[in-house]
Amino acid sequence: MMLRAVIRRASTRGSSVSGLGKSLQSSRVAASAQSFHSVSATQVFCGNHASSFHHRSCPGCSECSRTIFSGYQGTPLQRWVRPFSSDSGDVVEAVVPHMGESITDGTLATFLKKPGDRVEADEAIAQIETDKVTIDIASPASGVIQEFLVKEGDTVEPGNKVAIISTSADAVSHVAPSEKIPEKPAPKPSTPAEKPKVETTKVAEKPKAPSPPPPPKQSAKEPQLPPKDRERRVPMTRLRKRVATRLKDSQNTFALLTTFNEVDMTNLMKLRSQYKDAFFEKHGVKLGLMSGFIKAAVSALQHQPVVNAVIDGDDIIYRDYVDISIAVGTSKGLVVPVIRGADKMNFADIEKTINGLAKKANEGTISIDEMAGGSFTVSNGGVYGSLISTPIINPPQSAILGMHSIVQRPMVVGGSVVPRPMMYVALTYDHRLIDGREAVYFLRRIKDVVEDPQRLLLDI
């Protein structure tokens with residue numbers, strides 16, 4: 001009633017009619033709420049439904065003095081409910097942990113859980129793939145995952161937020177509004193406009209169909225490539241990219257040279273076969289051939305310390321310790337854990353350390369510290385059946401020993417030809433630092449110790 005009276009008064013003012021009419025039409029809701037009406041709203045939650053009661057009133061207006069009820073069951077906007085968050089702080093955030101001093105970022109490889117899943121405290125919810133290892137992201141508390149803040153394949157850094165976890169079980173029923181809003185603009189006006197264009201182009205192409213076929217000479221010159229649908233492109237993992245970079249840097253930096261020799265494995269295999277049961281009963285680990293080569297490498301490095309050294313600028317760093325790296329091939333790539341203090345270990349200690357590191361590498365639980373450092377590397381390609389190869393140095397080391405498969409070959413022993421289990425061994429070294437004489441002597445020491453393990457007892 002009062003609104004109509006105002007409009008009548010405004011209409012008698014001549015030039016101000018149109019201006020007042022437009023202002024009333026454009027801001028009816030705002031003006032009525034601020035000048036004439038007082039609106040009170042009460043929101044009621046009951047079970048899984050939410051309802052609102054709006055009371056609108058103005059002085060002396062019977063039409064406005066009514067209560068409006070609206071339920072949240074009509075449109076999707078009315079059904080939306082804000083994600084629940086209590087005042088007691090029941091929402092926690094899972095962040096990227098510290099990944100090591102030499103690692104600044106990583107790639108989120110996979111999610112182990114889904115939004116809505118319940119997790120326990122310290123339970124892994126995602127995995128980060130770095131240049132060296134795979135790191136788990138653990139839940140800081142028990143609760144339900146509300147949403148993930150990053151996607152698989154994103155690059156993350158320590159401290160970045162990954163997921164929001166609610167300690168309240170009711171969070172499962174709530175849905176984030178950002179997930180529903182982008183689903184609404186489904187109809188696009190551009191699509192019907194594009195369809196007639198496609199039809200017109202088809203009509204224009206019809207008269208060009210009877211064009212003469214291309215001459216057969218062009219098909220003979222062009223290479224016959226396989227169809228693209230038979231190819232698939234997969235992004236490289238961070239570990240694979242890191243391995244590729246380091247190996248290429250090794251070839252570009254070092255003056256690589258490889259020398260070979262062959263080893264008669266008869267005595268070492270006989271030693272293992274004779275004492276393997278007693279060795280297992282006492283130490284709880286099997287006696288393998290790898291420990292014999294590690295002990296032989298320690299002896300050779302002590303006889304030729306330049307092989308254990310490394311170039312640093314214009315200086316040579318000689319190491320008075322022996323930390324031997326062992327190359328382990330896993331499903332995700334090549335990792336090189338380190339046997340620290342190998343010169344102070346016996347056969348049993350070496351076998352236990354190798355088994356523990358290999359198990360962690362295959363399970364993906366090996367740490368950065370267990371792969372850092374190392375002064376010399378031993379790679380056993382014989383487990384895959386390799387007969388001979390030229391291994392590449394693992395920077396910043398200066399040499400690497402390559403073991404290969406054991407093959408029965410005819411050998412001359414005592415003037416007669418007899419079959420012997422033989423293995424080719426290879427030493428790739430940095431020729432800038434190590435001369436051929438030291439490399440040959442080093443490999444010869446490996447051969448002497450493996451063929452006659454008693455030399456280790458007598459230190460000869």
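Look up a bit, the structure's there.
Residues numbered from 1 in each chain as written. Predicted model: local features only at pLDDT ≥ 70, side-chain atom pairs only at ≥ 80, totals over all residues. Heavy atoms only, no water.

A. Spatial organisation of the overall build of the protein. The secondary structure content of the protein amounts to twelve helices and 22 strands. Burial statistics for the protein: of 460 residues in total, 32% are counted as buried. Contacts spanning at least 24 positions in sequence make up 60% of the contacts within the protein whose residues lie at least 6 apart. (Helix = DSSP H or I, 4+ residues; strand = E, 2+ residues; numbered from the N terminus. Buried < 20%, exposed > 50% of the residue type's maximum accessible area, 1.4 Å probe, protein only. Contact = heavy atoms within 4.5 Å.)

B. Structural view of the sheet that holds strand E7 (residues 124-129). Spatially, four strands are ordered E8-E7-E5-E10 in an open sheet, and the strand pairing comes out antiparallel. Every other strand in the sheet has two partners, leaving strand E8 (134-138) and strand E10 (155-156) as the edge strands with one partner each. (Pairing = 2+ DSSP bridges.)

C. Structural view of the packing of helix H9 (residues 290-303) against helix H10 (residues 347-363). The geometry of H9 relative to H10 is characterised by a closest axis approach of 9 Å and an angle of 115° between their N-to-C directions. Here H9 and H10 pass one another in a crossing that is right-handed. Here H9 contributes Met290, Ser291, Gly292, Ile294 and Lys295 to the contact with H10, which in turn contributes Phe347, Ile350, Glu351 and Ile354. Looking at the contact of H9 with H10 residue by residue, the class counts come to five nonpolar, two polar and two charged. (Axes fitted to C-alpha atoms, helices over the stretch in contact; angles between N-to-C directions. Left-handed = near helix turned anticlockwise from the far one by under 90°. Nonpolar A, V, L, I, M, F, W, Y, C, P; charged D, E, K, R; others polar.)

D. Examining helix H7 (residues 238-253) more closely. Its 16 residues give H7 an end-to-end C-alpha distance of 22 Å, which sits within 8% of 22 Å, the value for a rise of 1.5 Å per residue. Those residues of H7 not exposed but buried are Arg238, Leu239, Val243 and Ser250. One side of H7 carries all its buried residues, which in axial view fall inside an arc of 135°. Those residues of H7 that are buried lie in contact with strand E5 (106-111), E7, E10, strand E12 (256-264) and strand E17 (334-335). (Expected span 1.5 Å × (residues − 1). Arc of directions from axis to C-beta.)

E. Representation of the packing of aromatic side chains within the structure. Summed over the entire model, instances satisfying the criterion amount to two aromatic pairs. Aromatic pair Phe111 and Phe148: ring centres 4.0 Å apart, planes at 25°, arrangement stacked. With a gap of 37 residues between them, Phe111 in strand E5 and Phe148 in strand E9 (residues 143-148) connect regions that are remote in the sequence. Across the pair, exposure class does not vary: Phe111 and Phe148 are buried alike. Over the ring of Tyr424 we find Arg409, and its NZ or CZ is 4.2 Å from the ring centre. (Phe/Tyr/Trp six-rings, centres within 6.5 Å; stacked < 30°, edge-to-face > 60°. Lys NZ or Arg CZ within 6 Å of the ring centre and 35° of its normal.)

F. Broad picture of the nonpolar core. Counting 69 residues, the largest nonpolar core has Ile125, Phe293, Ile294, Phe376 and Ile446 as its most contacted members. Broken down by element, the residue count for this core peaks at eight residues, all from H9. Discounting residues that sit within four places of it in the chain, Phe293 has contacts with Met265, Leu268, Met403, Met423, Val425, Ile446 and Val450. (Core = buried A, V, L, I, M, F, W, Y, C linked by side-chain atoms within 4.5 Å.)

G. Region of interest: unusual backbone geometry. The omega torsion of the bond from Pro395 to Pro396 falls at 0°, within 30 degrees of zero and hence cis. Residue position: Pro396 is located in the loop between strand E19 (376-380) and strand E20 (399-403). Its identity is not glycine, yet Asp122 carries a phi of approximately 65°, on the positive side. Position of Asp122 among the secondary structure elements: in the loop between strand E6 (118-119) and E7. In this structure, Asp459 is a non-glycine residue whose phi angle is positive, near 55°. Positionally, Asp459 belongs in the segment after helix H12 (454-458).

H. Here's a closer look at the environment of Asp136. Counting through the fold element by element, Asp136 comes out in strand E8. When the C-alpha positions of Asp136 and Leu108 are compared, they lie 9.8 Å apart, and in sequence the two are 28 residues distant. Setting aside its immediate chain neighbours within four residues, Asp136 contacts Pro97, Ala124, Ala126 and Gln127. Here the side chain of Asp136 touches Gln127 through a polar contact of 3.3 Å, side chain to side chain. (Polar contact = N/O pair within 3.5 Å; in protein donor to acceptor, adjacent residues only side chain to side chain.)

I. Local environment of the pairing of E20. Burial analysis of E20 places five of its five residues in the buried class, the great majority of the element. Here E20 shows two buried faces, one formed by Ala399, Leu401 and Met403 and the other by Ile400 and Gly402. Note: E19 against E20, four bridges, orientation parallel. Bridge pairing links Asn380 to Met403 in E20. Across four bridges, E20 lies against strand E22 (residues 416-430) in antiparallel orientation. Directly across from Ala399, in E22, lies its bridge partner Tyr429.

J. Examining the pattern of salt bridges more closely. What the rule picks out here adds up to eleven salt bridges. Between Lys161 and Glu93 there is a salt bridge whose closest N-O contact spans 3.3 Å. Taken as a pair, Lys161 in strand E11 (residues 161-166) and Glu93 in strand E4 (residues 91-95) lie far apart in primary sequence, 68 residues in all. Between Glu262 and Arg409 there is a salt bridge, with its nearest N and O atoms 2.7 Å apart. With Glu262 in strand E12 and Arg409 in strand E21 (residues 406-413), the pair connects residues that are 147 residues apart, well separated along the chain. (Salt bridge = Lys/Arg side-chain N within 4 Å of Asp/Glu carboxyl O.)

K. Region of interest: the sheet that holds E9. As summarised here, the arrangement of the four strands in space is E4-E11-E9-E6, forming an open sheet in which the pairing is antiparallel. Edge strands, defined here as strands with exactly one partner in the open sheet, are E4 and E6. Sheet topology places E4 next to E11; five bridges connect them, and they run antiparallel. If you follow Val91 over to E11, its bridge partner there is Ser166.

L. Region of the structure containing the side chain of Thr130. Along the chain, the position of Thr130 falls in the loop between E7 and E8. According to the relative accessible area criterion, Thr130 is buried, its value standing at 0%. Every residue in contact with Thr130, bar those within four places of it in the chain, is listed here: Met99, Ile103, Asp105, Gly106, Ile135, Arg238 and Leu239.

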